[in-house]
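Below, each chain spelled out in residue letters.
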Amino acid sequence: MKNLLSGIAFLFLLSLNPLYAQEGKARKIPAVEVKALDGSTFNTSSIDNNGKPIIIDFWATWCKPCVTELTNISDVYAKWKKETGVKVIAISIDDARNTAKVAPFVNGKNWDYEVYIDPNGDFKRAMNVNTVPHTFLLNGKKEIVWQHNSYAEGDEDKLFELVKKEAGK
Amino acid sequence: MSGKAILQFSILFFLISPSFAQTNNNWGEIHGNFQVDAQYYNPDSAIGAPPVPEKMLMNAFANIIYTKGNFTAGVRYESYLNALQGFDPRYKNSGIPYRFASYKVNNIEITVGSFYEQFGNGLIFRSYEERALGYDNAMDGIRLRIEPFHGIYLKGLIGKQRYFFDEGQGIVRGIDGEFQFNEIFTMLKDMKTKISLGGSFVSKYQPDQDPIYRLPENVGASSGRLNLIRGGFTLGGEYAYKINDPSSTNGYIYKPGEALFLTTGYSQKGIGISLSAKRIDNMSFRSDRTATGNSLLINYLPALSMQHTYSLAAFYPYATQPNGEMGLQGEFVYKIKKDSKIGGPYGTDILINYSAINGIDTLNLNDSLTRKGYTSDFFKIGKTVYFKDFVVQVTRKFSTKIKATAFYANQVYNKGIVQSPGYPIIYSNIGVLDITYKAGTSSALRMELEHLSTKQDQGNWASVLLEYTISSNCFVAVLDQYNYGNVDNTKRFHYFNGTVGFIKDATRITLSYGKQRAGIYCVGGICRTVPASNGLTLSITSSF
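Residues numbered from 1 in each chain as written. Chains lettered and ligands numbered in written order. Predicted model: local features only at pLDDT ≥ 70, side-chain atom pairs only at ≥ 80, totals over all residues.

## Let's talk about the overall build of chain A
Helix and strand counts for chain A stand at 6 helices and 7 strands. Its helices and strands taken in sequence order, chain A reads α-α-β-β-β-α-β-α-β-α-β-β-α from the N to the C terminus. Considering only intrachain contacts with a sequence separation of at least 6, the fraction spanning at least 24 residues in chain A is 72%. (Helix = DSSP H or I, 4+ residues; strand = E, 2+ residues; numbered from the N terminus. Contact = placed C-beta atoms within 7 Å.)

Below is the structure:
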């Protein structure tokens, strides 16, 4: 029990550490290979948006709040892109059971995102994602400035406020 | 490492870390996540909640990853004091079952220690974790990933599999190659059809200590896969073959195993169609032939049925039958355009899914000499129905404030096959109405009404969930699942439960109190059974 409490205290102090609690500290995304919808291999270090903000959203076809979040964002995505040039990259953690269904699902819902599949959770693990939905916001220098777990109606508006800030608007 | 040492180390780390912030990352970075789930159990024999002598049970884990340039290292600390009900009780006490170091240089990546990996669809090799299921068959050994030429991806690995806080007896080794033709041959780069070919070979070694049978100590399995994509069309297939592998799962027969997995689909903006089919014949593949449950599985045989999130639709979930099954699944996803007559002002989403899984056609050989077990015609579908599921789901936004989903499913569940012999086939109809009312900019009320009707098993169920999002940082929910249709009127219980949750960035804390019905929780075809419980649950999760 004592070991466990010390362990939790250690992690709590770690999370308070100014090294990464500070915004703008250069935390870049790790380089991990994921699959594009056309079957080709894509390295996450190639994620780019020409100096504009990037949203990385971990989701799965079986995760209802994830699908709700991406559907709500797709309703305002055109406006977001026009105002800030932001790009949403949706990373599906669906495994072999659902991998073949991801492309038809994304198209059937008429989503406009850049979608990749992380079938064995390599990118999810490298980004320390526990449960989905988990959303990251990257600034123009591709540094992680914000992350959020779970989704509630209206969260996308709060996210857009942060995107506008990063886009300098 | 003692608790005192950890505490001292963490204080020291916290004090000297501002100097890290100033030197701006010459020291690398540390990130991680953690999760704690603790439950306090009230005795409740009426609903069949088993007694919990410890009164409180807890699962916890923490991941810490250190990265500096091309070097990565990490550990995971896990603690089961004791494991929550529904998790394998062999997860006991605390320790570090996962630790690795990895380095990438040019196009070679080497990992030593613990790692996860998948070959193709996983038919002969998949090492992965599903923390919510308590599933973890991490490898401990060495893994190499090489891209010798652009478009050629090679993988090699050797190791032993995780077995709770120990390791399995068997040694597993494997190689995999994937060839993306459009990347390899520059003249094909702009070709509209994308082709990829892959193959793998996996072998396991376990000494033969059986007094009766002469068992194969080295068992090899190989698989080949092909994927074609052109515009909106996709076509893919993987075939796997495993030599004789007598084990407790297949009754110690010497028959080889086979698996075939085929998928095809078409999609374009607004419409998506996917079809998949599979055949599995004697494909249980473990690094210890005596292992049971979800331990020491080398491969992954994906379930072909739809993964449900509505509670009553997931009441009778299907679990893959590694000894033999044949199935198919079709899914149609369509968005009726917004501003059209049927679509309404925001469009309407439609999803239709049908899946059917049967056993394989077998002819018992009854030969005690060669013990080949049975023969099975590859193209014949077995007569026994294992599972059927027909789903129609419609989602529509009516205004900026209201949206709703209507869901219907018709299911056939062969409980005698999926769970244990002696149970009947269960025929059920499930209906769900899921309505969200957006009260303000950050507040919303969601109501989920569900109903399951069946003449078998426990009879009809009704479920009501009310979830009120107070702000983006806080929500409350109440749930009542009522087994009003139980043939035994002393078992018509209300499973009433309340939850409150707090979310701030990547930290989430939830507290629930009440009764939880017994159920089966599945992910991907692997399941765990959760017994009924009555008590208080605390869950904390965070990433940093």
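## Quick word on the pairing of strand β3 (residues 71-80) of chain B
All names here are of chain B. Among the 10 residues that make up β3, 7 are buried, leaving the element largely enclosed by the rest of the structure. Strand direction decides the pairing type here: strand β2 (residues 56-68) and β3, joined by 10 bridges, are antiparallel. Residue pairing across strands places Asn63 opposite Arg76, the latter belonging to β3. Connecting β2 to the next strand, β3, in antiparallel fashion are 2 residues, including Gly69 with a positive phi near 60 degrees. For β3 and strand β4 (residues 93-105), the ladder comprises 9 bridges, and the chain directions are antiparallel. Of the residues in β4, the one forming a bridge with Thr72 is Ser102. (Buried ≥ 20, exposed ≤ 12 C-beta atoms within 10 Å, placed from the backbone. Pairing = 2+ DSSP bridges.)

## A few points about the packing of helix α3 (residues 64-84) of chain A against helix α6 (residues 155-166) of chain A
Residue and element names in this part refer to chain A. Here α3 crosses α6 at 25 degrees, and the two axes come no closer than 10 Å. Classed by the angle they form, the pair α3 and α6 counts as roughly parallel. In this structure, the crossing between α3 and α6 has a hand that is right-handed. Residue-level contacts link Glu69, Asn72, Ile73, Val76, Trp80 and Thr84 of α3 to Asp155, Glu156, Phe160, Val163 and Lys164 of α6. Classifying every residue of the contact of α3 with α6 gives 5 nonpolar, 2 polar and 4 charged. (Axes fitted to C-alpha atoms, helices over the stretch in contact; angles between N-to-C directions. Parallel < 35°, antiparallel > 145°, perpendicular 65-115°, else oblique. Left-handed = near helix turned anticlockwise from the far one by under 90°. Nonpolar A, V, L, I, M, F, W, Y, C, P; charged D, E, K, R; others polar.)

## A few points about α3(A)
All names here are of chain A. Along α3, the helix axis deviates most sharply at Val76, where the bend reaches about 55 degrees. Buried within α3 are the following residues: Cys66, Val67, Thr68, Glu69, Leu70, Thr71, Ile73 and Trp80. Elements that come into contact with the buried residues of α3 comprise β3 (54-59), β4 (87-92) and α6. Two residues or fewer after α3 comes Gly85, characterised by a positive phi angle close to 75 degrees. (Bend = angle between axes of the 7 residues up to and from the residue.)

## Considering the pairing of β4(A)
Residues and elements named next belong to chain A. Taken across its 6 residues, β4 has 6 buried, putting it largely inside the fold. Bridging between β3 and β4 involves 6 bridges; their strand directions are parallel. Across the sheet, the residue bridging to Ile55 is Val88, located in β4. Read from β3 through α3 to β4, the crossover connection turns out right-handed. Both β4 and strand β5 (residues 114-117) contribute to a ladder of 4 bridges, which runs parallel. Pairing of Ser92 across the sheet is with Ile117, part of β5. The handedness of the β4 to β5 crossover, carried by helix α4 (residues 99-108), is right-handed. (Right-handed = clockwise from strand over helix to strand, strands pointing away.)

## Focus on the sheet that holds β3(A)
All names here are of chain A. The strand order across the open sheet formed by 7 strands is β2-β1-β5-β4-β3-β6-β7, and the pairing between neighbours is mixed. Strands at the two margins of the open sheet, each flanked by one partner only, are β2 (41-43) and β7 (144-149). Each adjacent strand pair in this sheet contributes to an overall mean axis angle of 30 degrees, direction not counted. Bridging between strand β1 (residues 33-36) and β2 involves 3 bridges; their strand directions are antiparallel.

## Notes on the nonpolar core
Ranked by internal contacts, the top residues of the largest apolar core, which has 41 residues, are Trp59(A), Ile89(A), Ile91(A) and Val132(A). Not counting chain neighbours up to four residues away, the residues in contact with Ile89(A) comprise Ile47(A), Ile54(A), Ile55(A), Ile56(A), Tyr113(A), Glu114(A) and Tyr116(A). Counting residues in each nonpolar core, the second largest holds 28 residues, with Phe100(B), Met139(B), Val202(B) and Phe261(B) among its members. (Core = buried A, V, L, I, M, F, W, Y, C linked by C-beta atoms within 7 Å.)

## Remarks on α4(A)
Quick reminder: α-helices carry 3.6 residues per turn. Residues three or four places apart thus point the same way. The buried fraction of α4(A) amounts to 10 of the 10 residues, a majority that puts the element mostly inside the structure. Listing the buried residues of α4(A) in full gives Thr99(A), Ala100(A), Lys101(A), Val102(A), Ala103(A), Pro104(A), Phe105(A), Val106(A), Asn107(A) and Gly108(A). Taken together, the buried residues of α4(A) touch β4 and β5 of chain A together with β15 (233-242), β16 (257-268), β17 (271-281) and β18 (324-336) of chain B. Immediately downstream of α4(A), the backbone of Asn110(A) shows phi near 65 degrees, a positive value.

## Concerning unusual backbone geometry
Cis geometry is adopted by the peptide bond preceding Pro133(A), which originates at Val132(A) and carries an omega value of 5 degrees. Note on placement: Pro133(A) falls in the loop between α5 (122-126) and β6 (134-138). With an omega of -20 degrees, the peptide bond between Leu81(B) and Asn82(B) qualifies as cis. Following the sequence through the fold, Asn82(B) ends up in the loop between β3 and β4. A positive phi angle is found at Asn110(A), which is not glycine, with a value near 65 degrees. With respect to the helices and strands, Asn110(A) occurs in the loop between α4 and β5.

## Examining the confidence of the model for chain B
Low-pLDDT portions of the prediction should not be read for the details of their coordinates. All names here are of chain B. Residues of chain B with pLDDT of at least 70 account for 94%, and the chain-wide mean is 91. Here residues 16-24 is a poorly scored stretch, pLDDT under 50, and it has 9 contacts once near neighbours within four places are set aside; other chains count. In the predicted complex, the global pTM is 0.90; the interface-specific ipTM is 0.90. (pLDDT = per-residue confidence, 0-100.)

## Here's the deal with the environment of His494(B)
Residues and elements named next belong to chain B. Here His494 shows up in strand β28 (residues 494-504). Here the alpha-carbon distance between His494 and Gln481, two residues 13 residues apart in the chain, equals 5.8 Å. Setting aside chain neighbours within four positions, we find His494 in contact with Asp480 and Tyr482.

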